[in-house]
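Structural characterization, general
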Amino acid sequence: MTTAANILIVDDVTDNIQVAMNLLREDNYDFSFATDGPKALSMLQADGAEFDLILLDIMMPGMDGFEVSRQIKAMPAWRDVPIIFLTARTDVDSIASAFEVGGVDYVTKPFHGAELLARVRAHIQLFQTRKWLEQQNIDLETKSRFAQARLLSELEDSQKELIWLLTELMESTSDETGKHIRRVSEISSLLAMLHPSLTEADADTLYHASPMHDIGKMTVPHEILHKPGRLSPEEFEMMKQHTSNAYRLMSGSKRRLIQAAAIIAHQHHERWDGKGYPRALKGSDIHIYGRIVALADVFDALTHKRCYKEAWEPHEAVDFIVANRGSHFDPELVDLFTDNVDKFLDIAQLT
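Residues numbered from 1 in each chain as written. Predicted model: local features only at pLDDT ≥ 70, side-chain atom pairs only at ≥ 80, totals over all residues. Heavy atoms only, no water.

Considering helix α13 (residues 314–323)
Every α-helix carries 3.6 residues per turn, so stepping three or four residues along brings you back to the same face. Short version of the rule: Each residue's exposure class comes from its accessible area (1.4 Å probe, protein chains only) as a fraction of the maximum for that residue type: buried when under 20%, exposed when over 50%, partly exposed otherwise. Secondary structure elements follow DSSP: runs of H or I of four or more residues count as helices, runs of E of two or more count as strands, with numbering from the N terminus. Note that the arc is defined by the directions from the helix axis to the C-beta atoms. Only heavy atoms matter for contacts: two residues are in contact if any of them lie within 4.5 Å across the pair.
Restricting attention to buried positions, one finds in α13 the residues A317, V318 and I321. Here the buried residues of α13 occupy an arc of 100° about the axis, which is enough to place them on one side. Residues of α13 that are exposed and point more than 90 degrees away from the buried face comprise H315 and A323. Its buried side turned inward, α13 meets α12 (288–302), α14 (331–339) and α15 (341–348).

Details of the packing of aromatic side chains
Test applied: When the centres of two rings from Phe, Tyr and Trp lie within 6.5 Å, Trp using its six-membered ring, the rings pair. Their planes under 30 degrees apart give stacked, over 60 give edge-to-face, and anything left gives tilted.
Following the criterion strictly, the structure yields seven aromatic pairs and no others. On the numbers, 5.9 Å between centres and 40° between planes, the contact of F51 with W78 is tilted. In this pair, F51 is assigned in the loop between α2 (37–45) and β3 (53–57) and W78 in the loop between α3 (65–73) and β4 (83–87), connecting sequence segments 27 residues apart. With respect to class, F51 is no different from W78; both count as buried. Ring centres of F236 and Y277 lie 5.9 Å apart, and the angle between their planes is 85°; on these two criteria the pair is classed as edge-to-face. Here Y277 lies in the loop between α11 (256–267) and α12 and F236 lies in helix α10 (residues 233–250), a separation of 41 residues in the sequence. By relative accessible area, F236 is classed as partly exposed at 36%.

Side note on empty space enclosed by the protein
Take a probe with the size of a water molecule and roll it over the atoms, and the empty space left behind shows itself. Keep this limit in mind: Site definitions follow a grid-based scheme: protein atoms alone, a 1 Å grid, a 1.4 Å probe that fits but cannot get out for cavities, and for pockets an open set with protein on both sides within 12 Å along at least five of seven lines, plus lining residues having an atom within 4 Å of a point. Grid points are joined across faces, edges and corners, and a volume is the space filled by probe spheres set on the points. Under the grouping applied here, Gly and all other residues not named as nonpolar or charged are polar, the nonpolar ones being Ala, Val, Leu, Ile, Met, Phe, Trp, Tyr, Cys and Pro and the charged ones Asp, Glu, Lys and Arg.
Under the criterion given, the structure shown has three cavities of 30 Å³ or more. Here the largest cavity is characterised by a volume of approximately 90 Å³. If you trace the largest cavity, you find twelve residues lining it, with A122, H123, I215, M218 and L249 closest to the centre. Within the residue set of the lining of the largest cavity, elements represented by two or more residues are α5 (113–136) and α10. Partitioned by chemical class, the residues of the lining of the largest cavity number seven nonpolar, four polar and one charged. The volume enclosed by the second largest cavity comes to roughly 50 Å³.

Focus on the nonpolar core
What counts here: Among buried residues, the Ala, Val, Leu, Ile, Met, Phe, Trp, Tyr and Cys ones that are joined through side-chain atoms within 4.5 Å form a nonpolar core.
Residues M250, I292, L295, F299 and I321 are the most contacted members of the largest nonpolar core, which totals 41 residues. When residues of this core are traced back to their parent elements, those giving at least two are α7 (178–194), α8 (200–209), α10, α11, α12, α13, α14 and α15. With residues up to four places along the chain from it excluded, the contact list for F299 reads I187, A317, V318, I321, F337, F344, L345 and A348. Grouped together as the second largest cluster of nonpolar side chains are 31 residues, L56, F85, L225 and M239 included.

Considering the packing of α2 against α3
As a reminder of what qualifies: Here, axes are lines fitted to C-alpha atoms. For helices the fit covers the stretch in contact, and angles between N-to-C directions go from 0 to 180 degrees. For classification purposes, angles smaller than 35 degrees are called roughly parallel, those larger than 145 roughly antiparallel, those between 65 and 115 roughly perpendicular, and all remaining angles oblique. Two helices crossing with the near one rotated counterclockwise from the far one by less than a right angle form a left-handed crossing, whereas a clockwise rotation gives a right-handed crossing.
Close contact between α2 and α3 brings their axes to 10 Å; oriented N to C, the two are set at 20°. Comparing the axis directions of α2 and α3 gives the class roughly parallel. When you trace α2 past α3, the crossing you get is right-handed. Contact residues: α2 offers G37, L41 and L44, while α3 offers V68, Q71 and I72. In terms of residue class, the contact of α2 with α3 is built from four nonpolar, two polar and no charged.

A look at the pattern of salt bridges
Selection rule: Any carboxyl oxygen of Asp or Glu that lies within 4 Å of a side-chain nitrogen of Lys or Arg is treated as forming a salt bridge with it.
Under the criterion given, the structure shown has 15 salt bridges. Where D300 meets R183, a salt bridge forms, and the shortest distance between an N and an O atom there is 2.5 Å. Within this pair, whereas D300 is found in helix α12, its partner R183 is found in helix α7, the two being separated by 117 residues in sequence. Judged by its relative accessible area of 5%, R183 falls in the buried class. When salt bridges that share partners are traced, they join D11, D57 and K109 into one network.

Remarks on the sheet that holds strand β5 (residues 105–108)
The cut-off we apply is this: Only strands that DSSP links by at least two bridges are regarded as paired with each other.
Strand order in the open sheet made by the five strands is β2-β1-β3-β4-β5, with parallel pairing throughout. Of all the strands in the sheet, the pair left with one neighbour each is β2 (30–34) and β5. Ignoring which end each strand starts from, the neighbouring axes of this sheet average 20° apart. Two strands pair when backbone bridges link them, and β4 and β5 are joined in this way by four bridges, in the parallel orientation. Across the sheet, L86 pairs through a bridge with V107, a residue of β5. Strands β1 (6–10), β2 and β3 of the sheet are contacted by α2, whose axis makes an angle of about 135° with β2. Across the sheet, helix α4 (residues 92–100) is in contact with β4 and β5; its angle to β5 comes to roughly 145°.

Functional significance is not addressed by these values, which are geometric in nature.
Encoded structure:
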């Protein structure tokens, strides 16, 4: 599905443009560049212009990157093209402003080569997949029942393939591991199967969508994501934005699994008592998918080592889940968990 991609790099320092091009040449992208905002906007308005991604500096004379992004998003032909901000600014206000004006990601200078390459690959893959789905424009209702089922299955398979591709890319730039992601997937699916109000279809949806729960961490600066010690209050505020950033990225999709992934990414840090983030949702206002992945994510994180903590003993993790029944976690889910705890401990041992 992926085709050759065209990237526009906008930076007033030509050395920065050259560095970015050198880091990305591994994937044989086609590059164009502009050294100021007005020139970039002029290039976008030219006949035949076609770009799959824009790498945009913030601090430029005359017109800064924020204003350039605002004007790009006002152009119907370019509003959906992803913009990744490349900048030396790491303050919370700048990062927040970057997403408010339409950016999908934020990479700090000096670049980490693997990080930049992984993020560019992920956003180009997502953009081209979305464009491919739109171009199909198939009226499923005019097809036979057999053809309809086959096409829906193919679209579903494409979504699953995209989800696991993005998950693998996320592993290369975040503190998540493939083993953690797959265990969360198994735990979430099992909780759904045990839940009296959910169906096999819900369990399948959770199995395939829950791996995207932390995809928004790809938008968190590398030095914060991999910090071995406790985050400062300012750093934690930046870390918390991974939930909203992921939702902005995926919420526009009309595809079932991507919609579910958007909900999960947005709500899996909400708490039953309303003290979670990013929206302080409470109780059943939190989608059941978000409540399920919240429990699955915490349980697996507790029972396995991370860069900032050692693994807890399984019984300690179970005690924590029980102790937070009705505060952090949905009481009904905790009861399902404890009633079937041996099954969840078996999943926790998967390596």
